[in-house]
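Coordinate inspection notes
What follows is each chain in one-letter form.
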Amino acid sequence: TRKATPLCPSITNSVTINFVANAQLAAGGSAAMVYLPDEGEFLAGGCGAFYINFGTLLPVYEETLPRTMAALHKNNAAWVIDPVGLGIGSMRTKLVECAKQYKPSIIRGNASEIIGVAKLWGLLTGEESNKSSGAKGVDSTDEVLDAKNAAIALANYTGGAVAVSGKADLVTDGKTTVLCHGGSAFLPLITGAGCSLGGVCAVYAACGGAFVGALTATLVYNAAASKAEKYSKGPGTFQPNFLDEIYNLTTTDLETATIELI
């Protein structure tokens, strides 16, 4: 990615804009933050990959997101969604539902969000559809493995990949499903760890495709977090140390990653 420096624009929530952009830059990408419909459409035609986060929605996004998603689909561009807070408000639900027809390359979220998307898109039936206890705000009330079938169903529907974040992270393309171990206890204590991961998924997807992008981003995050934790005093020092470790990470650091096929 550092040689290609792919442009990976984001429509992301206002709480994490800075962190998303800096993480993308640290991973070797080029960042651009988008709000307006015509800008989303324009960048959808010339980006390496695009990242859409459903966090702090603005009224303009009711037009921006559908137009951008349609343009991404038309241009056969790689793109990532993070269905943050699914279930909070009708506009958010409507926009996540709209994403179904355009089949995002990567869906990244916590277990409750991934189960929620699969339910909303009608991909879970019977006992599976009643499995989740739902999200608590933006936090998951479900375990990662509870979302395995939902993640596989979503990946099979989109033809892309799904990444479920938690104590151990699940990544699947519908055929191959892996658990990635590592990370840090500080990650849930900094705002935007998951959001920035979605942005970094876009950076790697621009160079390696959906499954490789989602898996690489997850492994990079776990390795960088593990290294940063060792010399951080708390979440305040962890965040900049974490960005440094993403930037300084080498392929050798990923060779010791613990991956479990499930």
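Residues numbered from 1 in each chain as written. Predicted model: local features only at pLDDT ≥ 70, side-chain atom pairs only at ≥ 80, totals over all residues. Heavy atoms only, no water.

So, about the nonpolar core. Most often, soluble globular proteins have nonpolar side chains that are buried together. In terms of nonpolar packing, the biggest core is built from 45 residues, with I106, V171, V200, Y221, F238, F242 and I246 touching the most fellow members. Among the elements of the structure, α1 (17-26), β3 (49-53), β4 (78-82), β6 (161-165), β8 (177-181), α7 (193-208), α8 (210-229) and α9 (235-248) are those that each provide at least two residues to this core. Residues in contact with F242, not counting those within four places in the same chain, are F19, L187, Y221, A224, A225 and A228. Within the second largest apolar cluster, 41 residues are counted, among which are I114, I115, A151 and V164. (Core = buried A, V, L, I, M, F, W, Y, C linked by side-chain atoms within 4.5 Å. Buried < 20%, exposed > 50% of the residue type's maximum accessible area, 1.4 Å probe, protein only. Helix = DSSP H or I, 4+ residues; strand = E, 2+ residues; numbered from the N terminus. Contact = heavy atoms within 4.5 Å.)

A word on the packing of α1 against α7. Direction vectors running N to C along α1 and α7 enclose 40°, while the axes themselves pass 8 Å from each other. Put simply, α1 runs oblique to α7. Our pair here, α1 against α7, has a crossing hand that is right-handed. Along its contact with α1, which presents F19, V20, A23 and Q24, the element α7 presents A193, C195, S196, G199, V200 and V203. Of the residues belonging to the contact of α1 with α7, the class tally is 7 nonpolar, 3 polar and no charged. (Axes fitted to C-alpha atoms, helices over the stretch in contact; angles between N-to-C directions. Parallel < 35°, antiparallel > 145°, perpendicular 65-115°, else oblique. Left-handed = near helix turned anticlockwise from the far one by under 90°. Nonpolar A, V, L, I, M, F, W, Y, C, P; charged D, E, K, R; others polar.)

Attention now moves to the state of the cysteines. A complete count under the given rule lists 0 disulfides for this structure. Not part of a disulfide, C8 finds its nearest cysteine sulfur in C47, a span of 7.1 Å. Taking relative accessible area as the criterion, C8 reaches 0% and is therefore assigned buried. C47 provides the cysteine sulfur closest to C98, a residue in no disulfide bond, and the two sulfurs are 17 Å apart. (Disulfide = S-S within 2.5 Å.)

Time to look at the environment of I262. The topology assignment puts I262 in the segment after β9 (258-261). C-alpha of I262 to C-alpha of T177: the two residues are 85 residues apart in sequence and 5.8 Å apart in space. The residues touching I262, leaving out its near neighbours within four places in the chain, are L145, K148, L170, T177, V178 and L179.

What follows deals with the pairing of β3. Counted residue by residue, β3 has 5 buried out of 5 residues, so it is predominantly covered. Burial along β3 is two-sided: the face carrying A49, Y51 and N53 and the face carrying F50 and I52 are both buried. Bridging between strand β1 (residues 7-11) and β3 involves 2 bridges; their strand directions are parallel. Each bridged residue has a counterpart across the sheet, and for S10 the counterpart in β3 is Y51. A crossover connection joins β3 to the parallel β4 through helix α3 (residues 61-74); in handedness this β-α-β unit is right-handed. (Pairing = 2+ DSSP bridges. Right-handed = clockwise from strand over helix to strand, strands pointing away.)

As a further point, take the pairing of β6. Of all 5 residues making up β6, 5 are buried, and the element is well covered by its neighbours. Where burial is concerned, the two faces of β6 agree: the one with A161, A163 and S165 and the one with V162 and V164 are both buried. As judged from the 5 bridges shared by strand β5 (residues 106-110) and β6, these two strands associate in the parallel manner. In the sheet register, I107 faces β6, and the bridge partner there is V162. Counting the residues in the hairpin turn of β6 and strand β7 (residues 169-172) gives 3 residues.

A word on the packing of aromatic side chains. Inspection of the entire model under this criterion finds 6 aromatic pairs. Relative to Y61, the ring of Y35 has its centre 6.5 Å away and its plane inclined at 20°; by these criteria the two rings are stacked. One end of the pair, Y35, is in the loop between β2 (30-33) and α2 (37-44); the other, Y61, is in helix α3, and 26 residues separate them in sequence. A residue is classified by how much of its surface remains accessible, and Y35, at 35% relative accessible area, is partly exposed. Plain terms: the ring middles of F238 and F242 are 5.5 Å apart, the flat faces sit at 10° to each other, and that makes the pair stacked. (Phe/Tyr/Trp six-rings, centres within 6.5 Å; stacked < 30°, edge-to-face > 60°.)

With that out of the way, let us pick up α1. With respect to burial, α1 is a largely interior element, 7 of its 10 residues being buried. All buried positions along α1 are accounted for by I17, F19, V20, A21, A23, Q24 and A26. Buried residues along α1 sit in contact with β1, β2, β3, α7, α8 and α9. Positive phi shows up at G28, right after α1, with a value of about 105°.

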